[in-house]
Amino acid sequence: MPNTHRLTTDILIIGGGSAGCMAAIRAKEVAPGLVVTIFEKGDIRRGGTLAMGMDALNVVVIPGVTSEDDYLAAVHLLSEGIYDAPPHRVVARRSLPLVRKLESWGVRFGHNEDGSYVLHQIHPNAPFTVPMHAPDLKVLLAGKVQELGVRVINRTMAVSLLADGDAIVGAIGLDVRSGDLTVCAAKAVILAGGGAARFGLPNSGYLFGTLDFPGNAGDSYALAFRAGAKLTNMEYTSNHAITKDVGLPITSTAIPLGGILVDSRGQPVARGSVGSPGSYFQQSAKVWREHGAHGPLFLSVRHLPEERIKYIENILFSTERPAQRRFLEQRGIDLREQDVELGPTEYKLCSGHGMAGLVVNERAETSLNGLYAAGDAAAIPFQYLTGALVMGEVAAEQAAKMAHGCPAGAVDEQEVAAVAGAIAEAARPRRTAEVSIHEFEYKVRRIINEYVAPPKNEWKLQNAVNWMRRLREELRSIVRLGDAHELSRSLEVGCIIDCAELSATAAAARKESRWGPKHYRTDYPDRDDEHWLKHVVLERSAGNSIAVALAPVSWQAGGVSK
Ligand SMILES: Cc1cc2nc3c(=O)[nH]c(=O)nc-3n(C[C@H](O)[C@H](O)[C@H](O)COP(=O)(O)OP(=O)(O)OC[C@H]3O[C@@H](n4cnc5c(N)ncnc54)[C@H](O)[C@@H]3O)c2cc1C
């Protein structure tokens, strides 16, 4: 059996990324006396999507310029009606105070000469995006976490939530280097482990060559589902256009600043400019059609003035990854003279740029007592970094209230023994098994590309479910594991398999097409609002199978007209 350490805490945060750090900071702000602990799979200093900072907060509602209702109208368009208004209202309402708070910490946002905020438009109806210069935002957040006395346990991957009846009372973490376990009893748990970046296989074939942080392997969704929480929008399989071969974002920065997409004949495909109503999102279906018909597509900024190109380069080569500069230089590409070939990213599940996640309300409460979720783990469609930071704070405020008012739940020792036994079984030396974990993950994700990703149909989705059940068994029997790191990789692959089964099951349930190419079903090619303006909600049922239910969307009461 693995070595097992014991801890108690008031609040346990799983994932020290954007949402997790902000949750820890807020918990200490509102209740400095509480013990707050973070399990972080990597290292909190640079772990997560925010690793190299960000160039903008994509959702900022500035009274007098835009309103909460404008923002809800944007979410309505992007999600095609599949969202609940209350959490979005909270994100909108707290977005400007968030900007002010970050400014007070030294983050620089774009200002016009009259002092107003610079606004870019990436949403379909209005400008909500405020550019920021924050290459070290993650380091700054991590520093604050540590200054405030939060206990950070790096390189510890949560592998199971602990339940007491229908309440979550802690989690078990695995040290990804030593293989030791930490059983952490908590009065409240905040799940902030991001989305499933490692889901579909990138075109490059590199397992870790993903657009989003590759340490996010859908652990949040899998752990929550196994513990009995409800998930929704898992059928929204998202992908984006990026710099081909390197998995780096480019269009989301360059198009709002006047860049255009052109096809292989040099014909413009989608045009956007600062403050114009043109939106990349609205054009997404057209973009992928063109990619198929006259592709590949290219990003072109050659027509822009030098000053604007420099501005774009400055963002692309700093917060949006220094590797972009090296990549373009090595390919001999100067944005003034050449266009950049684009390609689609791998398919992924998240709610920052997508819709998938745990069902949460405006208090970040999940369907399980004592369990809160924030960031890409929680299904608040297109919440971006703003949503992760705001809802991280909200989750912390609620968790702190709960931790003040309740005794610690009882950790069920039988449950702990069962998890430790399963880990010991998984870690059982299998040095002679035939398949490496690397090859196995490749196969799982290739099958996700073939059967879970769009275009979808009943046969493919059912086949995906069958494959995932088979792969789950094979993961236990034919995969070679040499050390604790490979053990953690195999547990991640278990999460990817669970996410694929969840996504295929939800997609099979939604018998229509929606969200352009993201959920395109060849057997139900049309959007059908009459029957499908609903959430598809997944929950574990007896025998560990997936129960599917439909739930109403709750924006009607939120002020968006039908
Ligand atoms: C390329 C890219 C560019 C973006 N640009 C912008 C932008 O300019 N503006 C904007 O508003 N939004 C942007 N976003 C969206 C935004 O960054 C994300 O929505 C947000 O950062 C998600 O935060 P998170 O805390 O949920 O996830 P993360 O910040 O990724 O944190 C998750 C953390 O959980 C850890 N973890 C995972 N599993 C476990 C486990 N089992 N146990 C312990 N720890 C675990 C991971 O190591 C990681 O540190 C961008 C996203 C991407 C991918």
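All chains use their own residue numbering, which begins from 1 and follows the written sequence. Where local features are concerned, this predicted model is filtered to residues with pLDDT of at least 70; where side-chain atom pairs are given and counted, the filter is 80 or more; whole-chain, interface and lining totals use all residues. As a rule here, side-chain values come from all non-hydrogen atoms in the structure, and water together with hydrogens is ignored.

A. Geometry of the overall build of the chain. Note on conventions: DSSP H or I runs of at least 4 residues are helices, E runs of at least 2 residues are strands, and numbering of each starts at the N terminus. Each helix and strand counted, the chain has 15 helices and 21 strands in total. Each radius of gyration reported is based on C-alpha atoms, and the globular scaling rule is 2.2 Å times the count of residues to the power 0.38. Taking 2.2 N^0.38 as the reference for a compact globule, 562 residues should give roughly 24 Å; the C-alpha atoms of the chain span a radius of gyration of 22 Å, in line with that estimate. Residues counted as buried form 60% of the 562 residues belonging to the chain. Charged residues are defined here as Lys and Arg on the positive side and Asp and Glu on the negative side; His and the ends of the chain fall outside this count. The atom standing in for a charge is NZ when the residue is Lys, CZ when it is Arg, CG when it is Asp and CD when it is Glu. Once the 60 positive and 63 negative side-chain charges of the chain are each reduced to a mean point, those two points are 1 Å apart. Burial status follows relative accessibility: with a 1.4 Å probe on protein chains alone, a residue under 20% of its type maximum counts as buried, one over 50% as exposed, and anything between as partly exposed.

B. Highlighting the site of the ligand. Residues are labelled near a given molecule or strand when at least one of their non-hydrogen atoms is within 4 Å of it. Taken together, 38 residues are adjacent to the ligand, and S18, E40, T49, A56 and D376 come closest. The definition of a polar contact used here is a pair of N or O atoms within 3.5 Å, where within protein one atom must be able to donate a hydrogen and the other to accept one, and adjacent residues in sequence count solely through side-chain atom pairs. Taking E40, its side chain carries an N or O atom lying 2.6 Å from an oxygen atom of the ligand. Measuring from an oxygen atom of the ligand, one finds a side-chain N or O atom of T49 at 2.6 Å. Note on areas: Shrake-Rupley with a 1.4 Å probe; residue coverage comes only from the protein chains shown. About the coverage of the ligand: the protein hides 98% of its 1,000 Å² of free accessible area. Going through the elements one at a time, α1 (18–30), β3 (54–57), β7 (156–164) and α10 (384–405) are the ones with two or more residues in the shell around the ligand. The greatest single-element share of the shell around the ligand, amounting to four residues, is contributed by β3.

C. Main features of unusual backbone geometry. In the segment running from G295 into P296, the intervening peptide bond is cis, with an omega of 5°. Its place among the elements puts P296 in the loop between α7 (284–294) and β14 (298–300). With an omega of -5°, the peptide bond between P454 and P455 qualifies as cis. You will see that D245, though not glycine, has its phi angle at about 80°, which is positive. Looking at where D245 falls in the secondary structure, it is placed in the loop between β11 (241–243) and α6 (251–254). Non-glycine residue Y384 carries a positive phi angle of around 55°. With respect to the element layout, Y384 can be found in helix α10. By relative accessible area, Y384 is classed as buried at 5%.

D. Representation of the pairing of strand β8 (residues 167–175). Of all nine residues making up β8, eight are buried, and the element is well covered by its neighbours. One requirement defines pairing of two strands: DSSP has to find at least two bridges between them. In the sheet, β7 pairs with β8 via eight bridges, with the strands oriented antiparallel. Within β8, the residue paired with T156 across the bridge is D175. Between β7 and β8, which pair antiparallel and follow one another directly, the connecting turn spans two residues, one of which, G165, has a positive phi of 65°. The hairpin turn running from β8 into strand β9 (residues 181–191), its antiparallel successor, is five residues long, and G179 in that turn takes a positive phi close to 85°.

E. Geometry of the pattern of salt bridges. Salt-bridge detection follows one rule: a side-chain nitrogen of Lys or Arg within 4 Å of a carboxyl oxygen of Asp or Glu. Applying the stated criterion across every chain yields a total of 46 salt bridges. Between E441 and R198 there is a salt bridge; the shortest N-O distance is 2.8 Å. Here E441 is found in helix α12 (residues 437–452), whereas its partner R198 is found in the loop between β9 and α5 (219–227), with 243 residues between them in sequence. We note that E441, like R198, is buried. R363 is paired through a salt bridge with E362; the nearest N and O atoms lie 3.6 Å apart. A relative accessible area of 35% places R363 in the partly exposed class. Because the salt bridges share partners, they merge into one network encompassing K41, R198, D219, E441, R445, R489 and E492.

F. Fine view of helix α9 (residues 323–330). Among all positions of α9, only Q324, F327 and L328 are buried. In an axial view of α9, the angular spread of the buried residues amounts to 95°, which keeps them on one side of the axis. Opposite the buried face of α9, at more than 90 degrees from it, the exposed residues are E329 and Q330. Note that the arc is defined by the directions from the helix axis to the C-beta atoms.

G. Representation of the sheet that holds strand β10 (residues 231–232). Reading across from one edge, β16-β10-β20-β21 is the order of the four strands in this open sheet, with antiparallel pairing throughout. For this open sheet the edge positions go to β16 (357–358) and β21 (545–552), each flanked by a neighbour on one side alone. In this sheet, β21 lies alongside strand β20 (residues 534–541) in antiparallel orientation, the contact comprising eight bridges. In the strand pairing of β21, V537 is matched with A549.

H. Geometry of the confidence of the model for the chain. Across the chain, the average pLDDT comes to 92, with 96% of residues at or above 70. The pLDDT value expresses, per residue, how confident the predictor is, ranging between 0 and 100. By definition, residues are in contact when any of their heavy atoms lie within 4.5 Å. Confidence drops under pLDDT 50 across residues 272–281; counting only partners more than four residues distant or on other chains, this segment forms 27 contacts. Low pLDDT, under 50, characterises residues 557–562; the stretch is placed with 12 contacts to residues that sit more than four places away or in other chains.

I. Examining the nonpolar core more closely. Joining through side-chain atoms within 4.5 Å is the link that ties buried Ala, Val, Leu, Ile, Met, Phe, Trp, Tyr and Cys residues into a set, and such a set is a nonpolar core. By size, the foremost hydrophobic cluster in this structure holds 159 residues, and its most contacted members are I11, L57 and Y221. Among the elements that line this core, the one with the most residues is helix α14 (residues 484–509), at 13 residues. Setting aside residues up to four positions removed in sequence, L57 forms contacts with L98, V99, L102, F109, F128, T129, V130, M132, L385, T386 and L389. Listed in part, the 22 residues of the second largest apolar core include W288, I315, F317 and L335.

J. Expanded view of the side chain of E313. Note that E313 resides in helix α8 (residues 306–316). By relative accessible area, which is 15% here, E313 ends up buried. Non-local contacts of E313, meaning those with residues more than four positions away in its chain, are made with L335 and R336.

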